[in-house]
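Structural overview
One-letter residues, chain by chain:
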Amino acid sequence: MKRIVWTIVVLIIIFLIVTVVINSKYDDAGEVILKNQLKADTYGGQTPSETLQMLAKALEDEDLELASRYFILSDDGDRDEWLRLLEEVQEKGGLDNLIAKLEQAQPYVKDISHKGDFKFSITNEEGVIETVINLEKNSFSGVWKIESL
């Protein structure tokens, strides 16, 4: 009886070890895939201002696919959510307003957390900040990406 119990315990331990090793390999593979996507993500400017200008130009041309490429990748490696949001803005007739807001954006030096972080603010007529645009430098490709708008 003790032999059977020990055999079961050993099998359970082997199963747990194999599971941990396999999960580790999948995590490593996912990390490699993400790094490769980040290296290939070259849409954006060499400066935060250049990225905002590129976004405004793409929106003026109504090239929403291109405009969405100036945003950071989502956790699953795509920008579908950004494209969907831009399409909603376009459907509601708000592209011109968004472009005008982007052209008003001024560097915002508060709350910069690290060298690869940059912000712009957009104020209303009273001088109150209504929007802060966050940009982050993609350290793999060297371009600035929009994190939030």
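Report follows, based on the coordinates. Just so it is clear, the structure is predicted and the values come from calculations on it, not from any experiment.

Attention shifts here to the packing of aromatic side chains. Taken as a whole and judged by the stated rule, the model has 3 aromatic pairs. Ring plane angle 80° and centroid distance 6.5 Å describe the contact between Phe 118 and Trp 144, whose orientation is recorded as edge-to-face. Taken together, the residues Phe 118 in strand E2 (residues 117-123) and Trp 144 in strand E4 (residues 144-148) connect sequence positions 26 residues apart. Trp 144 gets classed as buried once you look at its relative accessible area, which sits at 8%. Ring pairs connect the aromatic residues Phe 118, Phe 120 and Trp 144, which therefore count as one cluster.

On to helix H4 (residues 80-91), then. Here H4 is 12 residues long and its end C-alpha atoms lie 16 Å apart, about the 16 Å a rise of 1.5 Å per residue gives. Looking at the buried residues of H4, the elements they touch are helix H2 (48-60), helix H3 (64-68), helix H5 (95-104) and E4. Positioned one or two residues after H4, Gly 93 has a phi angle of 75°, which is positive.

Let us now look at the layout of surface pockets. Unoccupied space between atoms shows up once a probe the size of one water molecule is rolled over them. In this structure, the largest pocket occupies an estimated 240 Å³ of space. Around the largest pocket, the lining is made up of 13 residues, and of these Leu 38, Ile 72, Leu 73, Glu 136 and Asn 138 lie nearest the centre. Listed by contribution, the elements that provide at least two residues to the lining of the largest pocket are helix H1 (2-40) and strand E3 (129-137). Of the residues that constitute the lining of the largest pocket, the class distribution is 5 nonpolar, 3 polar and 5 charged. Looking at the second largest pocket, its volume works out to about 150 Å³. Considering the residues around the second largest pocket, the lining is formed by Phe 71, Trp 82, Leu 85, Leu 86, Glu 88, Val 89, Lys 92, Leu 98 and Leu 149. For the lining of the second largest pocket, the element with the most residues is H4, which contributes 5 residues. Per-class residue counts for the lining of the second largest pocket are 7 nonpolar, no polar and 2 charged.

Bringing the sheet that holds E3 into the picture now. Spatial strand order, E1-E2-E3-E4: 4 strands in an open sheet with antiparallel pairing. Looking at strand neighbours, the two that pair on one side only are strand E1 (106-107) and E4, the edges of this open sheet. One ladder, built from 4 bridges, connects E3 with E4; its direction is antiparallel. Opposite Lys 137, over in E4, you have Trp 144 as the bridge partner. In this fold H5 packs onto E1, E2 and E3, with an angle of close to 115° to the strand it touches most, E2.

How each quantity is defined
- Residues numbered from 1 in each chain as written.
- Predicted model: local features only at pLDDT ≥ 70, side-chain atom pairs only at ≥ 80, totals over all residues.
- Heavy atoms only, no water.
- Phe/Tyr/Trp six-rings, centres within 6.5 Å; stacked < 30°, edge-to-face > 60°.
- Helix = DSSP H or I, 4+ residues; strand = E, 2+ residues; numbered from the N terminus.
- Buried < 20%, exposed > 50% of the residue type's maximum accessible area, 1.4 Å probe, protein only.
- Expected span 1.5 Å × (residues − 1).
- Contact = heavy atoms within 4.5 Å.
- 1 Å grid on protein atoms, 1.4 Å probe; cavity = no way out; pocket = protein on both sides within 12 Å on 5 of 7 lines; lining within 4 Å.
- Points joined across faces, edges and corners; volume = space filled by probe spheres on them.
- Nonpolar A, V, L, I, M, F, W, Y, C, P; charged D, E, K, R; others polar.
- Pairing = 2+ DSSP bridges.
- Axes fitted to C-alpha atoms, helices over the stretch in contact; angles between N-to-C directions.

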